[in-house]
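The primary structure of each chain is shown beneath.
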Amino acid sequence: MIGLRSFQRTARTPAFRQLGARRWQSMGVGEKGLEGAADNAFNRERAAVKDHAAASSDTWRKGSIYIVIPCLIIAAVNAWRLWGEHWEHAAHEPIEDRVEYPYMNIRTKNYFWGDGDKTLFWNPTVNIHQKDE
């Protein structure tokens, strides 16, 4: 509380207010651009870079809003549609009719959880494995 009061008292002094106001004054920049001592090659180049950055950032902002976002929405709708088609097709194929190839579900020893045959991320609707009896 004491620090806030002393800051408020200090902020009311004319010298302190002048520091803040000076920052917002235009220093050597007129209506036509740079004037006087500020008109040199370095400052002209900096002004050109600033103008170019403003134009290109506006281009990238518009591209992000009007091109990228609609493309992402279209891609998401397409992926959702294909996902639905895949699961609709998978629902018609019984799990017993699927072929188990020799390279699938190779077990050299049993797992130490469950019945020892199923992996940690086993999903009975997707994974198939007829355990050799």
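The paragraphs below set out a description of the structure included in this document. (Residues numbered from 1 in each chain as written. Predicted model: local features only at pLDDT ≥ 70, side-chain atom pairs only at ≥ 80, totals over all residues. Heavy atoms only, no water.)

1. Examining the overall build of the protein chain
As a reminder of what qualifies: For the purposes of this entry, the term helix denotes a DSSP run of H or I that reaches at least four residues, the term strand denotes a run of E that reaches at least two, and both are numbered from the N terminus. When accessible area is computed with a 1.4 Å probe and restricted to protein chains, residues below 20% of their type maximum are described as buried, those above 50% as exposed, and intermediate ones as partly exposed. Here, two residues are considered to be in contact whenever any of their heavy atoms come within 4.5 Å of each other. Calculation of accessible area relied on Shrake-Rupley with a 1.4 Å probe; when residues are assessed, cover is drawn exclusively from the protein chains displayed.
Helix and strand counts for the protein chain stand at three helices and two strands. Seen in sequence order, the protein chain has helices and strands lined up from the N terminus as α-α-β-β-α. Relative to its full complement of 133 residues, the protein chain shows a buried share of 5%. Counted over contacts in the protein chain with a minimum sequence separation of 6, partners at least 24 positions apart contribute 33%. Of the accessible surface of the protein chain, which amounts to about 12,200 Å², a share of 62% is contributed by carbon and sulfur atoms.

2. Some details on helix H3 (residues 41-92)
In plain terms, the rule: An expected span of 1.5 Å times one less than the residue number is assigned to each helix. To get the bend at a given residue, fit one axis to the seven residues ending there, fit another to the seven starting there, and take the angle between those axes. For this analysis, a polar contact is any N or O atom pair within 3.5 Å, provided that within protein one partner can donate a hydrogen and the other can accept it, and provided that sequence-adjacent residues contribute only side-chain to side-chain pairs.
Relative to the 76 Å expected for 52 residues at 1.5 Å per residue, H3 spans 74 Å between its end C-alpha atoms, a close match to the ideal helical length. Along its length, H3 reaches its greatest deviation from straightness, about 35°, at Ser 64. Capping of H3 at its N-terminal end is provided by Asn 40; its side-chain oxygen lies 3.3 Å from the backbone amide nitrogen of Phe 42.

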